[in-house]
Amino acid sequence: MASVFLYHVVGDLTVGKPVLVEFYDNEPVESALRAIADTTEGGIPVWKRKQTLKGVNLIEGSEVRLQRFVGILNSLDIVSFLAKAECLEDQEKAMRTPVAEVLTPNSSLLKEVDPGTRLIDALEMMKQGVRRLLVPKSVGWRGMSKRFSILYHGKWLKNIETSSSPTTGNRSSSSSAPRDSRFCCLSREDVLRFIIGCLGALAPIPLSSISNLGAINTHFCFVDASAPAIYATRKPPQDPCAIAVVEPTPDGQQKIIGEISASKMWKCNYLGAAWALANLSAGQFVMGSEDQGNPTFPDFSINAQLEDMEKTTVGSRPWKFSSRSVGFFSNPASSMAAGAGARYRGRSAPLTCKVTSSLAAVMAQMLSHRAAHVWVTEEEAEDVLVGVVSYTDILFAVTKNPSTVISTIP
């Protein structure tokens, strides 16, 4: 296993990644909604604009570039902002609000690294809270792992010295390579996709249960289904950015019925979700109020796929709220009853696994659903919540095996 993280470098994960297009903090909220729909993990890095002199961009170094980074804005941040009373009263003004007034600054979420940085070092950074890695976009750097340097999707890569040895330390092997202003941004999802492609080299860890690996985080955030949904946003968690909506069981345990998270808000009807967050209980918000008396509220022309954000208007026609109306359902048939006391809720249903689920199965769940976490339930009692598994928990699980210890030695 040690060779997977020791002899591979960050540059191996950047092949084919698009060049980073910076999103600035003076852009309006409506622009952020479109940008979030095209990104991973339901969030976008936000930057301050570059300094200019008479319309010419000044050359900046790494330190200045990192100083311009503000934080990562996610979909739950935006829905929480739009749920404020003043925003609901004047939604057009709220949509024009600069994201700098919505985002909580956190510059520790991003770190710039050289393409020759060892993968094991990158994983350590992410375990400490880094969510994005900013990597120079260059095809001329030396030190790329041999396994990935010669062929990529059947095509020969150009201008790469394949005879160079793998990078074995934190030193940069590309210091002499030409640099420009182009960068790509690696997320934890990119790292997880790389790891799941190396399951054979990681054996037997992928087939071990998340319980045996200690990957279950029991310190999760939750809100009672009967409480107002807005309570979930008073102090939203950062990793994962998700709050479980639970119902108490007779024996004092908690049964999960849904979640309020950045993953679920991704590509939803933001105005509809904001109204529901401000006016409904947590249970009504995640289940759909068709079971709770069908309250009505104004119809918002913004659709669940964000296809026409520029034409956001507020109508006067009453509209019945349901999970489907804010984009939780994938089709109308998914709201049909599946049995006595049960309802198939499609996209509004929380993503769950069992304590006995294998690490490989959980990783596959997260990637297939584009989710940053999976809720963990007991093996015997269905839907009884015991914890959550996030990207960070997986990174700790795959790197704590004794066979990876030597990979941290320069």
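Further up the page is the structure itself.
All figures in this text were calculated on a predicted structure; none of them were measured in a lab.

The subject of this paragraph is the overall build of the chain. Counting its regular elements, the chain contains 15 helices and 20 strands. Counted over contacts in the chain with a minimum sequence separation of 6, partners at least 24 positions apart contribute 69%. Roughly 19200 Å² of accessible area belongs to the chain as shown, and the carbon and sulfur atoms make up 52% of that amount.

The next subject is the pattern of salt bridges. For the structure on display, the rule yields 9 salt bridges. A salt bridge links Arg193 to Glu189; its shortest N-O distance comes to 3.2 Å. One end of the pair is Arg193 and the other is Glu189, both in helix H9 (residues 188–196) and 4 residues apart, which spans about a single turn. Take Arg193: its relative accessible area is 38%, and that puts it in the partly exposed class. A cluster of three or more residues bridged by salt bridges with shared partners is formed by Glu189, Arg193 and Arg370.

We now examine helix H15 (residues 391–399). Among the 9 residues in H15, 8 count as buried, and that is most of the element. Buried within H15 we find Tyr391, Thr392, Asp393, Ile394, Leu395, Ala397, Val398 and Thr399.

Moving on: the sheet that holds strand E11 (residues 222–224). Judged by pairing direction, the sheet is mixed, and its 3 strands sit side by side in the order E11-E12-E13 without closing on themselves. Sheet topology places E11 and strand E13 (254–261) at the edges, where each strand pairs with a single neighbour. Averaged over neighbouring strand pairs, the angle between their axes works out to 35° when direction is ignored.

What follows covers the pairing of strand E19 (residues 373–377). Most of E19 is tucked away: 5 of the 5 residues are buried. In E19, alternate side chains face the same way, and those of His373, Trp375 and Thr377 on one face and Val374 and Val376 on the other are all buried. In this sheet, E19 lies alongside strand E18 (residues 352–354) in parallel orientation, the contact comprising 3 bridges. Bridging across to E19, Thr352 finds its partner in Trp375. After leaving E18, the chain enters helix H14 (residues 359–368) and then returns to the sheet as E19, a path that is right-handed.

One can find Thr392 in helix H15. Take Thr392: its relative accessible area is 11%, and that puts it in the buried class. Within polar-contact distance, the side chain of Thr392 engages the side chain of Asp239 at 2.6 Å. In this view, Thr392 contacts Met126, Lys127, Arg188 and Asp239; residues no more than four positions away in its chain are not counted.

Another aspect to go through is the pairing of strand E12 (residues 242–248). With respect to burial, E12 is a largely interior element, 5 of its 7 residues being buried. When E11 meets E12, the two strands line up parallel, connected through 3 bridges. In the strand pairing of E12, Asp224 is matched with Val246. Here 7 bridges tie E12 to E13, and the two strands are oriented antiparallel to one another. Bridging from a neighbouring strand, Val245 pairs with Gly258 of E13. A loop of 5 residues connects E12 with E13, the two strands running antiparallel in sequence, and Gly252 in this loop sits at a positive phi of about 90°.

All right, on to the packing of aromatic side chains then. One pass over the structure, following the stated rule, counts 3 aromatic pairs. Consider the rings of Phe220 and Trp375, whose centres lie 6.1 Å apart with planes at 80°: the pair is edge-to-face. Of this pair, Phe220 sits in the loop between helix H10 (199–202) and E11 while Trp375 sits in strand E19, placing them 155 residues apart in sequence. With relative accessibility at 0%, the residue Trp375 sits in the buried group. Put simply, the rings of Phe220, Phe222 and Trp375 pair up and form one aromatic cluster.

Basis of the calculations
Residues take numbers from 1 onward in each chain, read along the sequence in its written order. Under the rules for a predicted model, residues below a pLDDT of 70 receive no local features and side-chain atom pairs below 80 are neither given nor counted, while totals for whole chains, interfaces and linings still include all residues. Side-chain measures here rest on the full set of heavy atoms in the structure, leaving out hydrogens and waters. Runs of E in the DSSP output that reach at least two residues are strands. Runs of H or I that reach at least four are helices, and both are numbered from the N terminus. Working rule for contacts: check all heavy atoms of both residues, and any pair within 4.5 Å makes them a contact. Only the protein chains shown count as cover for residues, and the accessible areas themselves come from Shrake-Rupley with a 1.4 Å probe. Within this document, salt bridges are pairs made up of a side-chain nitrogen of Lys or Arg and a carboxyl oxygen of Asp or Glu, the two lying within 4 Å of each other. Burial classification: accessible surface area is computed with a 1.4 Å probe over protein chains only, and a residue below 20% of its type maximum counts as buried, one above 50% as exposed, and the rest as partly exposed. DSSP-based pairing: two strands are paired if at least 2 bridges between them are found. Fitted lines through C-alpha atoms give the axes, limited to the stretch in contact for helices. The angle between two N-to-C directions lies from 0 to 180 degrees. By convention a crossover is right-handed if, when the strands point away from the viewer, the path from the first strand over the helix to the second runs clockwise. Polar contact is defined as a pair of N or O atoms within 3.5 Å, subject to the rule that within protein one atom must be able to donate a hydrogen and the other to accept it, and that residues adjacent in sequence are counted only when both atoms are side-chain atoms. In summary, the pairing rule links any two rings of Phe, Tyr or Trp, Trp by its six-membered ring, whose centres are within 6.5 Å, and it sorts them by plane angle into stacked for under 30 degrees, edge-to-face for over 60 and tilted for everything else.

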